[in-house]
Amino acid sequence: MMTQAGTPIGAIIAALPLDPLENRILLCHATGLSRVQLITRAEQPLTPDEAACLDTLVQRRLAGEPIAYIVGKREFFGLDFAVSEAVLIPRPDTELLVELAIERLPPDGRLLDMGTGSGAIAVSVAHARPDAQVTALDLSEAALAVARQNAAGNRVQVRFLQSDWFKALEAAERFELIASNPPYIAAGDAHLSQGDLRFEPAGALTDHADGLSALRSIVDGSPAHLLPGGWLLMEHGYDQAANVRALLDGAGYTEVQSWRDLAGIERVSGGRCPGRR
Ligand code: GLN
């Protein structure tokens, strides 16, 4: 036992072995207190149950488990998202894709989120744009269950489909905008065996190929489901922007371009659909 029952909450924070932010997140989770209450109730002693719970949480974190999975949630685009090991943990990088989609979706526009995972993109757009008609698909039923929970939790309407990319869509179905954060890490990439990624679903991270195969499928399949002038926006890896622009150019998209994330890395690329196919 690292944490003794009876110790005041204020003294526990300093004694925990993680970084200060993570110590506070786990202490809140174990005690049910808010961040503010950790301060206002600093003298309150830890109960034996809370001490035992906190020990388990800290051990899991020390074993490398992502903090978002331990507490079962992550904030994204100012909203709370439930997460489990069935879904990728939403990343701040992806907020760029959400902002670009919100800017480009016309009033009452239809948006398709391909490979929605936790629903981060679909739910955030639906929340910011109540006029939008949002459809989100994923291959994984377990991911869709989490995404449905997040739509309900954030009180938005999203239509969810279990689908291997475009397969479950009606042939005639068209959208004003398609957005995706697909698996784009190449097979064997060292990042897959580091940090949080070790615990995340492999199918959400890697295409088990060159890293571009899912992006290529989306570029090739989107013209059949975009209205003329509709945007395709895709997140990709730090070194894939030129390749993704080449895919878009090769498929005849117009206004092909990339956008930089907060770290200055070209993180999203996209273009407009030239016409019906
Ligand atoms: N951005 C994630 C990472 O590299 C990967 C997400 C993805 O493959 N879509 O940590």
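Our subject is the structure listed above.
Only a predicted model underlies this, so the values are computations on that prediction, with no experimental measurement involved.

A.B. asks: Quick rundown of the site of the ligand? Include the residues and the values.
C.D. replies: Taken together, the neighbourhood of the ligand is formed by Leu88, Arg91, Asn181, Pro182, Pro183, Tyr184, Ile185, Leu197, Ala204, Leu205 and Glu235. A distance of 2.8 Å is found between an oxygen atom of the ligand and a side-chain nitrogen or oxygen belonging to Arg91. At 2.7 Å, a side-chain N or O of Asn181 approaches a nitrogen atom of the ligand. Relative to its unbound accessible surface of 300 Å², the ligand loses 86% to contact with the protein. When grouped by side-chain class, the residues that make up the shell around the ligand number eight nonpolar, one polar and two charged.

A.B. asks: I'd love a proper account of the nonpolar core, names of residues and values included.
C.D. replies: Grouped together as the largest cluster of nonpolar side chains are 32 residues, with contacts concentrated most on Val125, Val134, Val158, Leu177 and Leu233. When contributions to this core are tallied by element, the ones reaching two or more residues are strand S2 (79–82), helix H6 (94–104), helix H7 (120–128), strand S4 (133–138), helix H8 (141–153), strand S6 (175–180) and strand S7 (226–235). Aside from chain neighbours lying at most four places away, what touches Val125 is Val98, Ala101, Ile102, Leu105, Leu111 and Val134.

A.B. asks: Describe the packing of H6 against H7, and please don't skip the residues or the numbers.
C.D. replies: Between two packed helices, the angle of one axis relative to the other and the distance separating the axes together describe the packing. In contact at an axis separation of 10 Å, H6 and H7 are set at 40° when each is read in the N-to-C sense. Classified by the angle their axes make, H6 and H7 are oblique. Along this stretch, H6 crosses H7, giving a crossing that reads as right-handed. Along its contact with H6, which presents Thr94, Leu97, Val98, Ala101 and Ile102, the element H7 presents Ile121, Ser124, Val125 and Ala128.

A.B. asks: Explain helix H11 (residues 241–250) residue by residue, including any values.
C.D. replies: For H11, every residue scored as buried is listed here: Ala241, Val244 and Leu248. Summarising the axial view, the buried residues of H11 lie within an arc of 70°, below the 170-degree limit, and thus occupy one face. Among the structural elements, helix H10 (213–221), S7, strand S8 (254–260) and strand S9 (266–272) are those in contact with the buried residues of H11. Just downstream of H11 lies Gly252, where phi reads positive at about 90°.

A.B. asks: I'd love a proper account of the state of the cysteines, names of residues and values included.
C.D. replies: Scanning the entire structure with this criterion turns up zero disulfides. The thiol sulfur of Cys28 is not disulfide-bonded, and the nearest other cysteine sulfur, from Cys53, lies at 12 Å.

A.B. asks: Which residues make up the packing of aromatic side chains, and what are the values?
C.D. replies: Enumeration over the complete set of coordinates arrives at three aromatic pairs. Summarising the aromatic geometry, the rings of Phe76 and Phe81 are spaced 6.0 Å apart at their centres and angled 80° between planes, so their arrangement reads as edge-to-face. Owing to a relative accessible area of 1%, Phe76 belongs among the buried residues under this scheme. In this structure Phe81 comes out as buried when scored by relative accessible area, which is 1%. Members of the aromatic cluster, joined through ring pairs, are Phe76, Phe77 and Phe81. Looking at Arg104, its charged tip hangs above the ring of Trp231, at a distance of 5.0 Å from the centre.

Definitions and cut-offs
- Residues numbered from 1 in each chain as written.
- Predicted model: local features only at pLDDT ≥ 70, side-chain atom pairs only at ≥ 80, totals over all residues.
- Heavy atoms only, no water.
- Near = heavy atom within 4 Å.
- Polar contact = N/O pair within 3.5 Å; in protein donor to acceptor, adjacent residues only side chain to side chain.
- Areas by Shrake-Rupley, 256 points an atom, 1.4 Å probe, with all protein chains shown as cover.
- Nonpolar A, V, L, I, M, F, W, Y, C, P; charged D, E, K, R; others polar.
- Core = buried A, V, L, I, M, F, W, Y, C linked by side-chain atoms within 4.5 Å.
- Buried < 20%, exposed > 50% of the residue type's maximum accessible area, 1.4 Å probe, protein only.
- Helix = DSSP H or I, 4+ residues; strand = E, 2+ residues; numbered from the N terminus.
- Contact = heavy atoms within 4.5 Å.
- Axes fitted to C-alpha atoms, helices over the stretch in contact; angles between N-to-C directions.
- Parallel < 35°, antiparallel > 145°, perpendicular 65-115°, else oblique.
- Left-handed = near helix turned anticlockwise from the far one by under 90°.
- Arc of directions from axis to C-beta.
- Disulfide = S-S within 2.5 Å.
- Phe/Tyr/Trp six-rings, centres within 6.5 Å; stacked < 30°, edge-to-face > 60°.
- Lys NZ or Arg CZ within 6 Å of the ring centre and 35° of its normal.

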